[in-house]
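Chain and residue survey
One-letter residues, chain by chain:
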Amino acid sequence: GFMGQNINIYDLARVEIIKGPASVMYGPGAIAGIINMESKYPFSVPGLHGKVQTQYGTNNREKTVLGSLNWTTLDHSLSFSTRWREAGDYRAGNGDTMQNSGYGDKDFRLSYSYEGNMAVLLTAETELHLGGPWGRPVGFNGTDYVRVTNNRDNVWHSSVTANWRPQQRLDRVELSVYFDKELRQQIKDSYDAGSSLLSYREDVSFQDYYAGWRERTVIKPNSRLEINTGLDGVCYRVEMPSVETDYFLNTTIRNRVSKDAGGFLSGVYAETG
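**What to know about the overall build of the protein**
Within the protein one finds one helix and 15 strands. A compact globule built from 273 residues would reach a C-alpha radius of gyration of about 19 Å, whereas the protein, at 23 Å, exceeds it by more than 25%. Projected onto its principal axes, the C-alpha positions of the protein cover 75 × 40 × 30 Å. Sequence-distant contacts in the protein: of pairs separated by 6 or more residues, those separated by 24 or more amount to 56%. Surface exposure of the protein reaches about 16,500 Å², of which carbon and sulfur atoms provide 56%.

**Looking at unusual backbone geometry**
Note the cis peptide between G132 and P133, where omega equals -5 degrees. Residue S196 is not a glycine yet carries a positive backbone phi of 65 degrees. Despite not being glycine, N250 has its phi angle at roughly 55 degrees, a positive value. Tracing the backbone shows N250 in the loop between β13 (241-246) and β14 (251-256).

**Quick notes on the pattern of salt bridges**
Any two side chains of opposite charge can pair if their charged atoms end up close together. Tallying each qualifying case throughout the model produces 15 salt bridges. In this structure, the salt-bridge partner of R14 is E38, at a minimum N-O distance of 3.2 Å. Note that R14 is positioned in strand β1 (residues 12-19) and E38 in strand β2 (residues 33-39), a separation of 24 residues in sequence. What makes R14 partly exposed here is its relative accessible area of 44%.

**Description of the confidence of the model for the protein**
Model confidence for the protein is summarised by a mean pLDDT of 87, while 94% of its residues fall at 70 or above. Between residues 1-5, whose pLDDT stays under 50, and residues either more than four places distant or in other chains, the model counts 16 contacts.

**Some details on the packing of aromatic side chains**
One pass over the structure, following the stated rule, counts five aromatic pairs. Ring centres of Y210 and Y236 lie 5.4 Å apart, and the angle between their planes is 20 degrees; this geometry places the pair in the stacked category. Taken together, the residues span a long stretch of sequence, with Y210 in strand β11 (residues 198-222) and Y236 in strand β12 (residues 225-239) at a distance of 26 residues. When its relative accessible area of 34% is taken as the criterion, Y210 is described as partly exposed.

**Concerning the side chain of E127**
Tracing the chain through its elements places E127 in strand β7 (residues 120-131). A polar side-chain atom of E127 sits 3.1 Å from a polar atom in the side chain of R109.

**Some details on the side chain of S101**
Residue placement: S101 occurs in the loop between β5 (76-87) and β6 (103-117). You can call S101 buried: its relative accessible area is 5%. At a separation of 3.1 Å, a polar atom in the side chain of S101 contacts the main-chain amide nitrogen of Y90. For S101, the residues in contact, after removing those within four places along its chain, are G88, D89, Y90, G135 and P137.

**Focus: the pairing of strand β4 (residues 62-72)**
Where strand β3 (residues 47-57) meets β4, eleven bridges bridge the pair, whose relative direction is antiparallel. Bridged to G47 within β4 is T72. Connecting β3 to the next strand, β4, in antiparallel fashion are four residues, including R61 with a positive phi near 55 degrees. Pairing geometry for β4 and β5, over ten bridges, is antiparallel. When the bridges of β5 are listed, S68 appears paired with S81.

**A few points about the environment of G273**
With respect to the helices and strands, the residue G273 is situated in the segment after β15 (261-272). Note: C-alpha distance between G273 and R224 (49 residues apart in sequence) is 8.3 Å. Leaving out residues up to four positions away in the same chain, G273 has contacts with R224, L225 and E226.

Rules behind the numbers
Residues numbered from 1 in each chain as written. Predicted model: local features only at pLDDT ≥ 70, side-chain atom pairs only at ≥ 80, totals over all residues. Heavy atoms only, no water. Helix = DSSP H or I, 4+ residues; strand = E, 2+ residues; numbered from the N terminus. Rg over C-alpha atoms; globule rule 2.2 N^0.38 Å. Contact = heavy atoms within 4.5 Å. Areas by Shrake-Rupley, 256 points an atom, 1.4 Å probe, with all protein chains shown as cover. Salt bridge = Lys/Arg side-chain N within 4 Å of Asp/Glu carboxyl O. Buried < 20%, exposed > 50% of the residue type's maximum accessible area, 1.4 Å probe, protein only. pLDDT = per-residue confidence, 0-100. Phe/Tyr/Trp six-rings, centres within 6.5 Å; stacked < 30°, edge-to-face > 60°. Polar contact = N/O pair within 3.5 Å; in protein donor to acceptor, adjacent residues only side chain to side chain. Pairing = 2+ DSSP bridges.

Put into structure tokens, the structure is as follows:
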């Protein structure tokens, strides 16, 4: 996707893969490793600049437009980027059209950075992903009588990060908070194999939010010892009501699979290296 969780992959400085358990350094979700995607340094190019990229695919009539506009001074950097993408059903290698494989989405990202001096960097950003409709091609589930479509797949992400690097015995302090909200609607239609009529529909509305924070302090008492300390946490809530309709039996069931479910994790860590 355009944002990832939630990173603009078209504006990265590098991607780093760290294998193995890394929960001490990167929180409870890093039990098997992490993929670290680093954005470009916002003050690398001064002044006002921007770019526009377009793309067209003949196979599925895919149309993509990418655009960005950046304004950077000595202390401030403001960036806006957007993407629009739309495509129809694509064709397989044998020439068959993969029905229900089209998609469309729009993305917007606004970020602001402040660097008072070389020791302090503050960044705030907000991103909006408007996805849908997009579908899984017919036959994806192993049958030609099931059609799955996501009519809505929206994500809103906001975050604030601060970095202080005095580069003395107190080497650096890093702070970050974020908030994500997701809204999705997926419709799964099943058709009768004999008559090809719509027989059953499952309409699932999914929504959740994530909020998290992290503080990390790196202390270097001497040239051979480094101490990492800090705290982090995350909380989330999710609900997923569904409506299931049997058209042959003329019945409807409203099923609340989860209501205000979720969890809260927080911890304090310290290690030496």
